[in-house]
Structures are given as C-alpha cells and as structure tokens.
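# Working through the structure, step by step
Listed below are the residues making up each chain.
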Amino acid sequence: MSNTDYAALNKRFAIPGQLDFAPGPGGLAVAEVNNVHASAMIALQGAHVMTWAPRKQQPVIWLSKAAKFAPGKSIRGGVPICWPWFGAHATEAKFPGHGFARTVMWEVGKAEVLRDGATRLTFRIVLDDATRAQWPHSTEAFNIVTVGRSLDIELVTRNTSNAAVTIGDAFHTYFEVGDIRRCTIHGLGNCPYLDKVDGGKKKQQTGSVTIDGEVDRIYLDSSANVLIDDPVLNRRIRVSKRGSRSTVVWNPGIEKAVKMGDFGSNGHLNMVCVESSNAADDVVHIPPSGEHRLWVRYSIEPLG
C-alpha cells in the first residue's frame, strides 16, 4: 500500500536471498518468500498467505486469476483468516461475515530462518477504533507462517482482559486442484455436518466426499487429517490441524461462481476450500489471560 515504508521493513526484517517486502498485486504490501523448499507470497493486509508452491511443484494454494486486490477488500483465494467470528455475526447483521481480520492491516513482528532452511514470519493484527467498535474485547491475535517443505500456519488469540471471551475462527483455505469433479476428499466419513446449501439441515457423511456442484458444509466433531486426492495433478494434499473441532468444505459451483465475479472462467473447477475451523456451535471460550491456538500444516504426497 502507498503508505508502507518498504525500506524500513526490509532493513528490519529482510533475509537476503530468502525474504523481502515489496508492492504486490493492486499495490498491496507483500512479503515475498523464496527459499530452498518453496516460494510464497503473503499480504500484510490480513496476514493473508496468497500463494505457496513447493519447489518443482504446482501451486498448492489457489489464487483466482480474476482476484481483486484493494485496501479493505477480501482476496479471492489464498488463506483468508476468519476472526474473531466465523460466518455471520451473532447479533449484528451489518458486521462483516467471518470477521474483520482478513481485511485489516497486520504488522510484521519477527522474521527468521529455521534450521532446515524454512522461513518463519510472525504477524500481529492492528486494531483501531473501527474494529474495536465491532470487537470491544481486549485481545491480541498473531499469525505465524512457516514456509518450508510444508506450509504451517498458526493463529494465536490471547485474551488480555480479566473476563472470558468467546471466538470463532478459521483458515478459509483455497486449495488448487486439477478438476474438483475428479477429486476425492477423505477424513470426514461418519462426521455429522450442517448442509448450508440445504437450509442448514444436519446430515451424516458416509464415506468420502466428492463434489459436482455447489457444496457448503460444516463438518462437526472433525479433528482428523483431511486428504484431498487429485488424480489430475497426481498428488494428495494433506491437511493436518490442532485446535479445531470442525471442518468446512466449500465450492460455490458454476452459478454462484459466475455471480461472484472474481472466480474467472470456470475457476471453481480448480479449487476447493477445506477450512480448519471453530464454526457453528464449535466456538472457543478463552479464560482471562488465556490463549487459543489454531494450527494447520499443509503438505503434498504422491498418489498411489
């Protein structure tokens, strides 16, 4: 963004040959990571991982070719952070869906190289009068992103007040696939789920999940790894997590994608959201001086 001091950011946090800060798409300030394991781009707005591609591999995180990049607007693709609530606000319809974390600026707190050559960045959310009007609780949020053989992300919420707070949160992650109609999603069998396409009815998953049309489901009692088998790209994406007891699976289908206007031509066929979350009734109660950690690891394996 135009008021970002890139010289100061790079002087303090750049890692030669591995990390620097520069204007990105639409002028958004981004951290650009290139190390021995992978490349990634992270927007300071939303501490939003936009891309991650292991060396000599297709991108694993999907970013729409028609995504719009503008201050205060959410980005179609990547890893948007839903915080401090998931979905619609419980009492205020005018508040943004999925909270405000993905559209406000975060500041860089630390950048480091790990022993194996991975790059780790720590971001801290910047709150102001507008966000405090929506969230009048004394909390801090940090997003810790580790770019390596896997992509590890940890969202830390600290309650700095003397009263308990309740949050919902999620990594609304878009994964790149060759053709969603040919993918199979494992790890959610026997989980109950809320089918938002069918009016929020509670149903039960039998076997693996396949997608051929609009899907919007919150899987409950879900803490196991989720595997996305992709025969077109000949790989399996593994989603591991901690601090989450629900999983959202979402694909808008063609009609909704066209209406949204930022999916591009048939973009919905090359993505699926598998969101590690605390959603619906699965909210998190944080005691005074307590914290909650939502952690994910995304990795790829060959099919077979």
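Our structure's up above, just so we're on the same page.
One structure accompanies this document, and this report is about it. If you're wondering where the values come from, they're calculated on a predicted model, not measured in any experiment.

## Brief notes about helix α1 (residues 6-13)
Burial in α1 covers these residues: Tyr6, Leu9 and Phe13. All buried residues of α1 project into a common sector of 65° when viewed along the axis, lining one side. Structural note: α1 exposes Ala7, Lys11 and Arg12 on the side pointing more than 90 degrees away from its buried face. Its buried side turned inward, α1 meets β1 (19-23), β2 (29-34) and β6 (106-113). At the N-terminal boundary of α1, the capping side chain belongs to Asp5, with an oxygen 3.3 Å from the backbone nitrogen of Ala7.

## Points about the nonpolar core
Grouped together as the largest cluster of nonpolar side chains are 67 residues, with contacts concentrated most on Phe21, Trp83, Trp106, Phe175 and Tyr298. Aside from chain neighbours lying at most four places away, what touches Phe21 is Tyr6, Leu9, Asn10, Phe13, Ala14, Val30, Ala31, Leu44, Val108 and Leu121.

## What about the pattern of salt bridges?
Taken as a whole, this structure holds 17 salt bridges when the rule is applied. In this structure, the salt-bridge partner of Lys201 is Asp198, at a minimum N-O distance of 3.9 Å. The network of salt bridges with shared partners includes Glu154, Arg158, Glu291 and Arg293.

## Digging into the sheet that holds β2
Across the sheet, which stays open at both edges, the 4 strands sit in the order β1-β2-β3-β4 with antiparallel pairing between neighbours. What marks the edges here is a single partner per strand, and that holds for β1 and β4 (48-54). On average, each strand axis in the sheet is inclined to that of its neighbour by 15°, with strand direction left out of account. Examined bridge by bridge, strand β3 (residues 38-43) and β4 share 6 bridges and lie antiparallel to one another. Residue Ala38 lies in a different strand from β4, and its bridge partner there is Pro54. In this fold α1 packs onto β1 and β2, with an angle of close to 175° to the strand it touches most, β1.

## So, the pairing of β4
Judged by how many residues are buried, β4 sits mostly within the fold: 6 of 7 residues are covered. In this structure, the hairpin formed by β3 and β4 is closed by a connection of 4 residues, where Gly46 is found at a positive phi of approximately 80°.

## Some details on the pairing of strand β18 (residues 235-242)
Of all 8 residues in β18, 6 are buried, a share of seventy percent or more. Sheet topology places strand β17 (residues 226-230) next to β18; 5 bridges connect them, and they run antiparallel. Across the sheet, the residue bridging to Asp229 is Arg236, located in β18. Connecting β17 to the antiparallel partner β18 that follows it, the hairpin turn spans 4 residues, and Asn234 within it adopts a positive phi of roughly 55°. Alignment of β18 against strand β22 (residues 291-302), held across 8 bridges, turns out to be antiparallel. What sits directly across from Val239, in β22, is Tyr298.

## As for the side chain of Asp195
Inspection of the secondary structure puts Asp195 in strand β14 (residues 192-195). The residues touching Asp195, leaving out its near neighbours within four places in the chain, are Gly200, Lys201, Lys203, Asp216 and Arg217.

## Brief notes about the packing of aromatic side chains
Applying the stated criterion across every chain, the model contains 11 aromatic pairs. Summarising the aromatic geometry, the rings of Trp85 and Phe100 are spaced 6.0 Å apart at their centres and angled 85° between planes, so their arrangement reads as edge-to-face. One end of the pair, Trp85, is in the loop between β5 (81-82) and β6; the other, Phe100, is in the loop between β5 and β6, with 15 residues separating them in the sequence. Like Trp85, the residue Phe100 is buried in the burial classification. Centroid distance Tyr193 to Tyr219: 4.9 Å. Interplanar angle 40°. Geometry classified as tilted. Placement of the pair is Tyr193 in strand β14 and Tyr219 in strand β16 (residues 215-220), with a sequence separation of 26 residues. Pair check on accessibility: Tyr193 and Tyr219 agree, each one buried. Grouped by ring-pair contacts, the aromatic residues Trp83, Trp85, Phe95, Phe100 and Trp135 constitute a single cluster. Above the face of the Trp295 ring, Arg242 is positioned so that its terminal group lies 4.1 Å from the ring centre.

## Concerning the sheet that holds β17
Hydrogen bonds between backbone atoms are what pair the strands of a sheet, whose relative direction is either parallel or antiparallel. One open sheet accounts for 8 strands, arranged β6-β7-β8-β9-β22-β18-β17-β13; its pairing is antiparallel. Where the open sheet ends on each side, the last strands, each with one partner, are β6 and β13 (184-186). Between one strand axis and the next, the sheet turns by 15° as a mean value, whatever way the strands run. Of the strand pairs in this sheet, β13 and β17 are connected by 3 bridges, and their pairing is antiparallel. Of the residues in β17, the one forming a bridge with Thr184 is Asp229.

The rules behind each value
Sequence order as written defines residue numbering, which begins from 1 separately in each chain. Under the rules for a predicted model, residues below a pLDDT of 70 receive no local features and side-chain atom pairs below 80 are neither given nor counted, while totals for whole chains, interfaces and linings still include all residues. As a rule here, side-chain values cover all heavy atoms of the structure and leave hydrogens and water aside. Burial classes: relative accessible area under 20% of the type maximum marks a residue as buried, over 50% as exposed, and values in between as partly exposed (1.4 Å probe, protein chains only). The numbering of helices and of strands both runs from the N terminus, where a helix is a DSSP run of H or I of at least 4 residues and a strand a run of E of at least 2. In this description, the arc belongs to the directions extending from the helix axis to the C-beta atoms. Whether two residues touch is decided by their heavy atoms; if any such pair falls within 4.5 Å, the residues are in contact. Whenever two N or O atoms come within 3.5 Å, that pair is a polar contact, provided that in protein one can donate a hydrogen and the other can accept it, and provided that, for residues adjacent in sequence, both atoms are side-chain atoms. Nonpolar cores are built from buried Ala, Val, Leu, Ile, Met, Phe, Trp, Tyr and Cys residues. Side-chain atoms within 4.5 Å join them into one set. We define a salt bridge as a contact between a side-chain nitrogen of Lys or Arg and a carboxyl oxygen of Asp or Glu at a distance within 4 Å. A pair of strands is treated as paired once DSSP finds two or more bridges between them. Every angle, taken between N-to-C directions, lies between 0 and 180 degrees, and every axis is a line fitted to C-alpha atoms, over only the stretch in contact when it is a helix. Working definition: a ring pair exists when centres of Phe, Tyr or Trp rings (six-membered ring for Trp) sit within 6.5 Å. Plane angles under 30 degrees give stacked, over 60 give edge-to-face, the rest tilted. To sit over a ring, a charge needs its Lys NZ or Arg CZ within 6 Å of the ring centre and within 35 degrees of the ring normal.

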